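Examination of the molecular architecture
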Amino acid sequence: MQRIINFILRNKNTLLYALLLLLSLFLTIQNNDYHQTRYFNSANWLTGRVYKTSESVRKYFWLREENERLMEENRRLHTRLYNVAREDSIALDTSQLTYSVLTARVIKNSYGEANNYLTIDKGRRDGVVQDMGVITPQGILGIVERSSQGFASVQSVLNAKSNINAKIRNTDYFGSLTWNQEDYRLVQLEDIPRLVPLKVGDTIVTGAMSSIFPENIPIGTIENFTLSESDSFYQIDVRLFNDMTSLGQVYLILNRKRPEILELENQTRNDR
Amino acid sequence: MTGNSLLTGIVRFISLLLVQALVFNHLNILGSINPMVYVLFFYWYPVQENRSVLIGTAFLLGFFVDLFSDTMALHTAASLTTAFFRIALMRFVFGVNLEFQNFRISNSTRVQQSSFLALLIVIHHLAFFSLEIFSLSNLLLILKRVVFTGVSTFIFATLLAALFARSKE
């Protein structure tokens, strides 16, 4: 007996090692069975907590990608949603629509002057009224200035008086679209603050602040931009999608809610 | 074991466990290599200590790493084996120096430190992968994985050891 105890004491480390090794081997073989893995896996309370905490930190680093994925999905769903709505609205009462669209043809074009006006072949008789938006399939063209019985005069974007709300596509940075009367292919986008990241080739579309144009009608792409040290806004040249020298069929867009918007704005202005 | 070194040991235990579970288990270098840097625990463990305590601690450390890695009890067995052979390795590497009362690993030469760490890693990885693959017919595969993972463990462990080394006086 004494010998046995002595042997155990002398070799206690080896025995301890052997014992624990056997235990671990036993656990390993036990847990190889699928149904036995319930308790010895990373889904238990302790490791679950640790992994959850770690994940709650880690996920911040993927927010941007996550956001982009969601935005992309949103974009896809929005596209479908709008298309569905358009299909449905054919059957609905057209007075429910925000925008109604007419077609017309440019019968007089002008792009070489300082203030260019076009003439189209639809007038008051066809429902053309002042401040309707005019676009081509390629992009924005101008705004109806005044209309007669059978014709209307359109203030082109190539006009020093033209001032259209525009933004960089897929962002909410908006500015004013003007023309410096120099090149009929280029218009200028102003009031984009200097902190906005820009690239040559970015697409410019109409902004949401306009009560004339629906949002996201294409205008052109950024041709070049300058930003001097002291400026807080970019000087941006925008190459128009439209070939202003060759215009034919155009669309006229009427915002049915514009009178309401203007009335509200007037009231606010008067109250002030 | 004095209170201070006990505290150091606990801190090492927990931080190595977390570093292994949260960082190194997800590295997947070249597809499948995850360095097992918690072997450093046996490198840093005080020299003159009760072996039974070391073996018990090794069991716990391996067990918790297993919990985090979903590896059944492979880490447990490997880390037990490392703890068991640690004293033999130290005799082999440090020789008679080990008998001095105030011997410390940080006082030995760099070559000795590195070979001690490397041998710990080799023992640990051999045990781990032998059990994981569990077949002598795949000896080549075992050796391959021991070499690749071992080298990466060695690199990262050396870096970590250098990072947390106490400055020599």
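Residues numbered from 1 in each chain as written. Chains lettered and ligands numbered in written order. Predicted model: local features only at pLDDT ≥ 70, side-chain atom pairs only at ≥ 80, totals over all residues. Heavy atoms only, no water.

Overview of the pattern of salt bridges
All names here are of chain A.
- One pass over the structure, following the stated rule, counts five salt bridges over all chains.
- Here Arg258 makes a salt bridge to Asp131, at a shortest N to O gap of 2.8 Å. Of this pair, Arg258 sits in helix α5 (residues 258-271) while Asp131 is found in the loop between β2 (115-120) and β3 (133-135), placing the two residues 127 residues apart along the sequence.
- Judged by relative accessible area, Arg258 falls into the buried class, the value being 15%.
- Overall, the relative accessible area of 25% leaves Asp131 in the partly exposed class.
- For Lys167, the salt bridge goes to Glu215, with nearest N and O atoms at 2.6 Å. Here Glu215 lies in the loop between β9 (203-206) and β10 (218-226) and Lys167 lies in strand β6 (residues 164-168), a separation of 48 residues in the sequence. (Salt bridge = Lys/Arg side-chain N within 4 Å of Asp/Glu carboxyl O. Helix = DSSP H or I, 4+ residues; strand = E, 2+ residues; numbered from the N terminus. Buried < 20%, exposed > 50% of the residue type's maximum accessible area, 1.4 Å probe, protein only.)

Some remarks on the environment of Gln235(A)
All names here are of chain A.
- Looking at the element boundaries, Gln235 is found in strand β11 (residues 235-240).
- Taking the C-alpha atoms as reference points, Gln235 and Pro193, 42 residues apart in sequence, are found 9.8 Å from one another.
- Among residues more than four places away in sequence, those in contact with Gln235 are Asn224, Phe225 and Thr226. (Contact = heavy atoms within 4.5 Å.)

Concerning the UniProt feature "transmembrane region" (unreviewed entry) in chain B
Residue and element names in this part refer to chain B.
- As recorded in UniProt, the sites labelled "transmembrane region" (unreviewed entry) are residues 29-45, 52-68, 74-94, 115-134 and 146-165.
- Here residues 74-94 runs as 100% helix and 0% strand, with 29 Å between its end C-alpha atoms.
- Spanning residues 146-165, this segment combines 90% helix with 0% strand, and its end C-alpha atoms are found 26 Å apart. (UniProt positions renumbered as here; feature names shortened; annotations may be inferred.)

Points about the sheet that holds β10(A)
All names here are of chain A.
- Spatially, β6-β7-β8-β11-β10-β9 is the arrangement adopted by the six strands of the closed barrel, whose pairing is antiparallel. The mean inter-strand angle of the sheet, taken between neighbouring strand axes irrespective of direction, is 45 degrees.
- Sheet topology places strand β7 (residues 174-178) next to strand β8 (residues 186-190); three bridges connect them, and they run antiparallel. By the bridge assignment, Ser176 is partnered in β8 with Glu190. (Pairing = 2+ DSSP bridges. Axes fitted to C-alpha atoms, helices over the stretch in contact; angles between N-to-C directions.)

Some remarks on the side chain of Thr206(A)
All names here are of chain A.
- Following the sequence through the fold, Thr206 ends up in strand β9.
- The buried category is assigned to Thr206, whose relative accessible area is 0%.
- In this structure the side chain of Thr206 is engaged in a polar contact, spanning 2.8 Å, whose partner is the backbone oxygen of Pro214.
- Once you skip the residues sitting within four places of it in the chain, Thr206 turns out to touch Ile140, Asn165, Ala166, Lys167, Phe213, Pro214, Glu215, Asn216, Ile217 and Ile219. (Polar contact = N/O pair within 3.5 Å; in protein donor to acceptor, adjacent residues only side chain to side chain.)

Quick word on the nonpolar core
- In terms of nonpolar packing, the biggest core is built from 52 residues, with Leu40(B), Phe42(B), Tyr43(B), Leu61(B) and Phe116(B) touching the most fellow members.
- Going through the elements one at a time, α2 (12-32) of chain A together with α1 (3-22), α2 (40-44), α3 (51-69), α4 (74-94), α5 (110-133) and α6 (139-163) of chain B are the ones with two or more residues in this core.
- Ranked by the residues each element gives to this core, the list is headed by α4(B), at 10 residues.
- With sequence-adjacent residues up to four places away left out, Phe42(B) is seen in contact with Leu54(B), Ala58(B), Leu61(B), Ser79(B), Thr82(B), Ala83(B), Arg86(B), Phe116(B) and Leu120(B).
- In this structure, Met132(A), Val134(A), Ile164(A) and Val238(A) belong to the second largest nonpolar core, which totals 41 residues. (Core = buried A, V, L, I, M, F, W, Y, C linked by side-chain atoms within 4.5 Å.)

Some remarks on the packing of aromatic side chains
Residue and element names in this part refer to chain B.
- Throughout the structure, instances matching the rule amount to 15 aromatic pairs over all chains.
- Measuring from centroid to centroid gives 5.9 Å for Tyr43 and Phe116, while their planes differ by 40 degrees, and the two rings are tilted. In this pair, Tyr43 is assigned in helix α2 and Phe116 in helix α5, connecting sequence segments 73 residues apart.
- The exposure class of Phe116 is buried, given its relative accessible area of 0%.
- Three or more aromatic residues joined by ring pairs make a cluster, and in this case those are Phe13, Phe41, Phe42, Tyr45, Phe59, Phe63 and Phe64.
- Positioned over the ring face of Phe84 is Arg51, at 5.2 Å from the centre of the ring. (Phe/Tyr/Trp six-rings, centres within 6.5 Å; stacked < 30°, edge-to-face > 60°. Lys NZ or Arg CZ within 6 Å of the ring centre and 35° of its normal.)

Here we look at the side chain of Thr57(B)
- Mapped onto the elements, Thr57(B) comes out in helix α3.
- Thr57(B) has contacts with Phe13(B), Phe41(B) and Tyr45(B), leaving out every residue within four places of it along the chain.

Side note on the packing of α4(B) against α5(B)
Residues and elements named next belong to chain B.
- Two numbers describe how α4 lies on α5: the axes approach to 8 Å, and their chain directions differ by 150 degrees. Relative to α5, α4 is oriented roughly antiparallel. Handedness of the crossing formed by α4 with α5: right-handed.
- Of the residues in the contact of α4 with α5, the class split is 16 nonpolar, seven polar and two charged. (Parallel < 35°, antiparallel > 145°, perpendicular 65-115°, else oblique. Left-handed = near helix turned anticlockwise from the far one by under 90°. Nonpolar A, V, L, I, M, F, W, Y, C, P; charged D, E, K, R; others polar.)

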